[in-house]
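# An overview of the molecular structure
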Amino acid sequence: SDHRHVLSSLLSGALAGALAKTAVAPLDRTKIIFQVSSKRFSAKEAFRLLYFTYLNEGFLSLWRGNSATMVRVVPYAAIQFSAHEEYKRVLGRYYGFHGEALPPWPRLLAGALAGTTAASLTYPLDLVRARMAVTPKEMYSNIFHVFIRISREEGLKTLYHGFTPTMLGVIPYAGLSFFTYETLKSLHREYSSHRQPYPFERMIFGACAGLIGQSASYPLDVVRRRMQTAGVTGHPRGSILQTLCTIVREEGVVHGLYKGLSMNWLKGPIAVGISFTTFDLMQILLRRLQS
């Protein structure tokens, strides 16, 4: 029974991550390009970038780097959702609660632990995806080419460049995302006549979770992207503090550390809403098939 539970969580999480990231891939690529450049972000400039990318490189180029995203997101989402279910069970037993009835602090801890577990195991794939998103097709032909060139030209340790800000960012992001979603579902059960939320309600809960989680961790996301792509964008390679100070000095706090946040407010809630809803509905479907 435990093995089936873990397997269904892994499968549901993988599908949830794949659908969510593919849906927002063009917006995600645009956001990364602005994050790693010194250009000022605006909705007009973002649209112009999308439009000229489409004109110069074709429609499918808007999804450039999505194959690397899938290679990273499928295991990341599978591990994160599955780990979250397991952490909930462990903490539930420890605190004498069961499943989704965890009190607030353990609920926050379960989400943070799930995020750090998944990020630790899949980090090099995230770096490869960022490199592919900000470079022309001629530089890296595929995922394996990125790994080979980085290993040969910059050293294997480069594959973990930006790992620390990732860990610092994923704790509030994953913790608050899962905490918000689980709390909203718990409140729904308490105050609604329906035991299970409708799919559109799950989407709204997930959107709120994504908005809160991504807003809290966004400056560290910008720092992480700068560190990951320093070898190909001309930015100096440095520590978290050096990168942070450089961004603030050259671009300011709001225009530098929060560059592209408005786009994240568009794509983040969509992606997180899709992923949480897909995971829950897949879990319900698999439980029914098993029974």
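Details of the structure are given in the entry above.
Here we summarise the structure given alongside this text. Since this is a predicted model, take the numbers as computed values, not measurements.

Conventions adopted
Residues numbered from 1 in each chain as written. Predicted model: local features only at pLDDT ≥ 70, side-chain atom pairs only at ≥ 80, totals over all residues. Heavy atoms only, no water. Axes fitted to C-alpha atoms, helices over the stretch in contact; angles between N-to-C directions. Helix = DSSP H or I, 4+ residues; strand = E, 2+ residues; numbered from the N terminus. Parallel < 35°, antiparallel > 145°, perpendicular 65-115°, else oblique. Contact = heavy atoms within 4.5 Å. Nonpolar A, V, L, I, M, F, W, Y, C, P; charged D, E, K, R; others polar. Phe/Tyr/Trp six-rings, centres within 6.5 Å; stacked < 30°, edge-to-face > 60°. Buried < 20%, exposed > 50% of the residue type's maximum accessible area, 1.4 Å probe, protein only.

### A few points about the packing of helix H5 (residues 104–134) against helix H8 (residues 199–228)
Their axes nearest at 9 Å, the elements H5 and H8 cross at an angle of 75°. Here H8 runs roughly perpendicular to H5, going by the angle between their axes. Residue-level inspection shows Tyr-123, Asp-126, Leu-127, Arg-129, Ala-130 and Arg-131 of H5 in contact with H8, the latter providing Arg-224, Arg-225 and Gln-228. For the contact of H5 with H8, the per-class residue count stands at 3 nonpolar, 1 polar and 5 charged.

### Some words on the packing of H5 against helix H6 (residues 143–153)
At their nearest, the axes of H5 and H6 sit 10 Å apart, and the two run at 100° to each other. The pairing of H5 with H6 is recorded here as roughly perpendicular in orientation. Every residue of H6 that contacts H5 at Pro-124, Leu-125, Leu-127, Val-128, Arg-131 and Met-132 is listed here: Ile-143, Val-146, Phe-147 and Ile-150. Split into classes, the residues belonging to the contact of H5 with H6 amount to 9 nonpolar, no polar and 1 charged.

### Overview of the packing of aromatic side chains
Taken as a whole and assessed by the stated rule, the structure comprises 11 aromatic pairs. Consider the rings of Phe-47 and Tyr-51, whose centres lie 6.5 Å apart with planes at 10°: the pair is stacked. Of this pair, Phe-47 and Tyr-51 both sit in helix H3 (residues 43–57), 4 residues apart, which is roughly one turn of the helix. For Phe-47, a relative accessible area of 58% translates into the label exposed. Pairing Tyr-160 with Phe-163 gives two aromatic rings, centres 5.5 Å apart and planes at 70°, and the pair type is edge-to-face.

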